[in-house]
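In case you want the letters, here they are:
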Amino acid sequence: MVEGKNQWKAWIYLLPCLILLLIFTVWPIFNTVRVAFLDGYNGMKAVGGTEFSFGIKNFSDVVMYKEFGTCLLNTILLCVITVPVSTLLALLIAVCLNSIKPLNRLLQTIYFLPYVTNTIAIGMVFAAMFNIVGTMGTQNPIITTAGIINNIIGIFGVEPINFINTGSSYAANMAVMIIYIVWNALPFKILILLGGLQSVNKQYYDAAKIDGTSRSRTFWRITVPLLSPMIAYVVITGFIGGFKEYSSIIGIFGEKLGPASEPGRLNTMVGYIYSSLSLGNEGRASAAAIILFGIIMAVTLVQLYVQKKRVHY
Amino acid sequence: MKLKLEGITKIFPSRNKNGKEVVAVNDFTYEIPDGKLVGLLGPSGCGKSTTLYMICGLQKPSSGKIFFGDDDVTELTPENRGVGLVFQNYALYPHMTVKQNIMFPLENLKGADRLKKDQMLERAYEAAKLVQIDELMDRKPSELSGGQQQRVAIARALVKMPRVLLLDEPLSNLDARLRLQTREEIKRIQRETGITTVFVTHDQDEAMSISDFIVVMKLGVVQQIGKPQDVYDNPANLFVAKFLGIPPINVLKGVVKNDKLYIDGKEIKEFKGVKDSYIKAEAAMKLKIADFISNIPEELRGPFEKAVSSEDYNTIEAGPYPVVADYMRKEKGLLEQIAKNAFDVYVGIRPEGFNLNDNGNFELALDKIEVMGRDISLICKNEASINPFVRAIISSDFKISENAETVKFDIKPHKLFVFNGVTEERIYE
C-alpha cells in the first residue's frame, strides 16, 4: 500500500489512463443510457438546440419496428446454434490435436490461422465458395456453378443449391452463416481448450487406463469435467461474441445484409443499431444497444448460475 | 497370486541422434511369493518406478516377461491385468465425490463382470470401511486431508479386487507423523486382504518397516533382494550398506595384508579370504568384458576389440559402450593389487557396532558427543574415514568425559563389513 501522504503520486500515475477511460468508455456508456431515454433524440437536432423530453418512446419504437424482430431472431438463432456446435467441434479437435505427437506445432498453427485472418476477407472467400452463379470470366448469360461447394456436391449428383444468391432460401442463407461463424469461432476455442488439456495431469488418464475405462467414458467422465472451467469460459465468451455478430454477415452478403432479392433478411442486433445510427436515430440506436446489453447480461447471468452448479471444482 | 518377473529390461531410446539410450531397468528377475508385501527401494532414477509401471502395464518392457501366477501378462494392457495402482499424488478425480471415485473402476466393468448398482455400492462401502473412510463418502477430494486422500486412492485400487496391488511412493506426500500411521495402515490393509503388494519408495525406513522383502536397486540394476533385516545385517555391496541404515554406516579405507585388516595403519583384526576374492573378482570382470564384446554387433566388434586389447580408453569411452572402459580400469586395478599382495578395501562399520573398551584396538579421536537420551553418539574423527566423521552409538549408561581426547573401542564382528576396494562388492570372510 502507498502511504497516505504519497497517494497523490499514485493518482498521477493513473491519471492518463483514467482520463482516457472516462472520455472513451465511461462517458459514452452514461451518454448511451441518457440518450436512450430522450424521446426521438437526434444528434443534429440536439446541436441545433432542440430539447427532447424524457421518456421511453425510443424503446417502444425499437420494439414496434418490424425489422427488430428479424434482427433479434437472426441473432438468437445464430448464437444458439453456433456456440454449442463450435464448442463441441473445438473440444473434439483440441482432444485430437493433443493426442497427436508429430506435426503438433504445425497443426496448431494451421488451426489457429482463421483467428488472425480478416473477417471480411474470409467472408468474401466463403461467399465465393458458396456461390451458384459465376461468369467465369465470360459473358455467357447461362448460369454456371462456379462455387467450389456446388462443384463438390455436383460430383455426387446433387443439384446445385442456391446458398446466397438471388432467390435463395432463408434456411440456405442461415446454413452458410452458421458454417462460416462456426469455422471462424473454432481457433480461439481450440486454443483455450488445448491449453486446458495440456494442463490436465496425465496421471488421471493413467489411472483411468488401469481401471479399464473406455475411450468415450474417459472423454465424457474425465476430460470434459476436468475441462469444464475452460468450456464454461469458451461458451460465455462465445455467446457474448455471438450476440454481437455483424461483420460476418457483411463479409458474406455485403452491405445489403441478405441476398439481393431479400435485403436485410440476415440483419442482426448490431446491424440494427448501426443502421439506426446512420439514419440519425441516435435515440433508437441507444435504446437498442441497451436492450442488447440487457439480453447479453441476462444470458451471462443464467450461464454463471448454471456454471456454479455444473462446473466442477 | 505370486508375481514373477523374468529378466525384464526397459530401455528408453535416446532423445536425439547422438544421445545414449538409457537402460532404466536391467535384467530384473524375481519371484514375489503370494500375499507378500515387497518394497522396491533405491535412490531416484534407479528404475524402481519404471519397474512398477511395467508390472501394471503402463509401460512395456523392452525384453523379459511378467507373470501373474501362471499367466503371462507381458502383452496385456493395464485394464486386462487386474492390477490396482495407487499413484504418488493419488490421481483422485477432483470432480467426483469419494464414493464416485471408488465406484469408478466398477462402473467400467463390462459384460458378465458388470455388477448391479447396489452391489457396486456395497463393494465401494466395503473398500471404504477397510481403509476407514466410510464416513467421508460424499466429500470431494479437495475437502480431504492428505492422509484421507491416500486412503481413498487405496480404496479405489482395492475395490475391483486386483490380483496385484501397486503403490508408487505411497507416503511421500504425507507429513512425518501421518507417514508413521499410514505405513502401519498399509501393512494392516495388505495383511487383511492378502493381496500381493509391491510398493516403491526411496525412504529406507519406510521400506524396512513394513516390507516382507525389499529389493534394493541402483541405476536400473538390482543390488540385493531379501528380508529387510537380512539385507541390513548382510549387505551385498558398499552401495546397499550405505543406503540402508539411519544414521548411515561409517565407511573407512582399510588395507588387508597377510590376512590382517588394518585401518589407519593399525591392525584391527584377522581377515582371511581377501586374496581369493580379488582373484575371483578379476576373473569375473574379465569374463564380463569378454561377454560384453561377444554381444556387440559384428560390424562394430573389430575396432572395439582392438581398442580393448590396446587399452585405448579414450576410443572406448567415445564409442557406444563407454562402460567397458570402466570395467577394464577395474580389472587393471584388481590385478595391480593382487600383484602387490596388499588389498585396499572399504570397511563399513555400523554406528551401533562399537563397544567401549579401554583396552580396545580401535582408537578414534573424539570430536564431540551428541546426547539423545536413550543412547549417545560419539562423533569421532579418523584419517581413514570416507565420511567427515565416524559415528559411534553407545548406551547412555556409559559416561564419557567431555575432555577425553580419544576413545577406544572393540568392534562387534557382525557389524563390520569388508568391501572390495575396486568393485565395492562385499568380501566374505
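Comments concerning the sheet that holds strand β20 (residues 416-420) of chain B
All names here are of chain B.
Here is step 1: Read across the sheet, 6 strands follow the order β13-β12-β11-β14-β20-β21 without closing on themselves; strand pairing throughout is antiparallel. The sheet is open, and its two edges are formed by β13 (266-270) and β21 (426-427), each paired on a single side.
Here is step 2: Pairing between strand β14 (residues 342-349) and β20: 5 bridges, direction antiparallel. Paired with Tyr346 across the strands is Phe419, a residue of β20.
Here is step 3: Where helix α9 (residues 274-294) meets the sheet, it contacts β11 (250-257), β14, β20 and β21, and its direction lies at approximately 105 degrees from that of β14.

Comments concerning helix α4 (residues 146-158) of chain B
Here is step 1: An ideal rise of 1.5 Å per residue puts 18 Å on 13 residues; α4 of chain B measures up with 18 Å between its terminal C-alpha atoms.
Here is step 2: Of all 13 residues in α4 of chain B, 11 are buried; the element is thus mostly enclosed.
Here is step 3: Buried within α4 of chain B we find Gly147, Gln149, Gln150, Arg151, Val152, Ala153, Ile154, Ala155, Arg156, Ala157 and Leu158 of chain B.
Here is step 4: Looking at the packing, one finds that the buried side of α4 of chain B touches α9 (202-210) of chain A together with β6 (83-86), α2 (98-107), α3 (117-130), β7 (164-168) and α5 (176-193) of chain B.

Observations regarding the domain arrangement of chain B
Residues and elements named next belong to chain B.
Here is step 1: Splitting chain B by domain gives domain 1 (3-241), domain 2 (250-272 + 344-427) and domain 3 (274-341).
Here is step 2: Each of domain 2 and domain 3 has a C-alpha centre, and these two points are 34 Å apart.
Here is step 3: On the domain 3 side, the residues contacting the 11 residues of domain 2 number 10 residues.
Here is step 4: For the domain 2 and domain 3 pair, buried surface summed over both sides reaches about 860 Å², with 57% attributable to carbon and sulfur atoms.
Here is step 5: Scanning the region where domain 2 abuts domain 3 turns up 0 salt bridges.
Here is step 6: Our count for the domain 2 to domain 3 interface comes out at 5 residue pairs in polar contact (both at pLDDT 80 or more).
Here is step 7: Put simply, the parts of the chain that give the side of domain 2 that touches domain 3 at least two residues each are β11 and β14.
Here is step 8: A class-by-class count of the residues in the side of domain 2 that touches domain 3 yields 5 nonpolar, 3 polar and 3 charged.

Section: the sheet that holds strand β15 (residues 354-356) of chain B
Residues and elements named next belong to chain B.
Here is step 1: With antiparallel pairing, the 5 strands of this open sheet are ordered in space as β15-β19-β16-β17-β18. Of all the strands in the sheet, just β15 and β18 (390-395) have a single pairing partner and so form its edges. Pairs of neighbouring strands in the sheet enclose a mean axial angle of 50 degrees, with direction left out of account.
Here is step 2: Two elements, strand β16 (residues 362-371) and strand β19 (residues 406-411), share 4 bridges in a ladder whose sense is antiparallel. Following the sheet pairing, Leu364 is matched in β19 by Val407.

With respect to the interface of chain B and chain A
Here is step 1: If you look at the interface, chain B gives 22 residues, while chain A gives 19 residues.
Here is step 2: Across the interface of chain B and chain A, roughly 1,900 Å² is buried in total on both sides, 58% from carbon and sulfur atoms.
Here is step 3: Here chain B is connected to chain A by 3 salt bridges.
Here is step 4: Our count for the contact surface shared by chain B and chain A stands at 10 residue pairs in polar contact (both at pLDDT 80 or more).
Here is step 5: Elements represented by at least two residues in the side of chain B that touches chain A include exactly α1 (48-56), β6 and α2 of chain B.
Here is step 6: By residue number, the principal contributor to the side of chain B that touches chain A is α2 of chain B, which donates 3 residues.

Cut-offs applied
Residues numbered from 1 in each chain as written. Chains lettered and ligands numbered in written order. Predicted model: local features only at pLDDT ≥ 70, side-chain atom pairs only at ≥ 80, totals over all residues. Heavy atoms only, no water. Pairing = 2+ DSSP bridges. Helix = DSSP H or I, 4+ residues; strand = E, 2+ residues; numbered from the N terminus. Contact = heavy atoms within 4.5 Å. Axes fitted to C-alpha atoms, helices over the stretch in contact; angles between N-to-C directions. Expected span 1.5 Å × (residues − 1). Buried < 20%, exposed > 50% of the residue type's maximum accessible area, 1.4 Å probe, protein only. Domains from an automatic or database assignment. Buried area = accessible area lost by both parts, 1.4 Å probe. Salt bridge = Lys/Arg side-chain N within 4 Å of Asp/Glu carboxyl O. Polar contact = N/O pair within 3.5 Å; in protein donor to acceptor, adjacent residues only side chain to side chain. Nonpolar A, V, L, I, M, F, W, Y, C, P; charged D, E, K, R; others polar.

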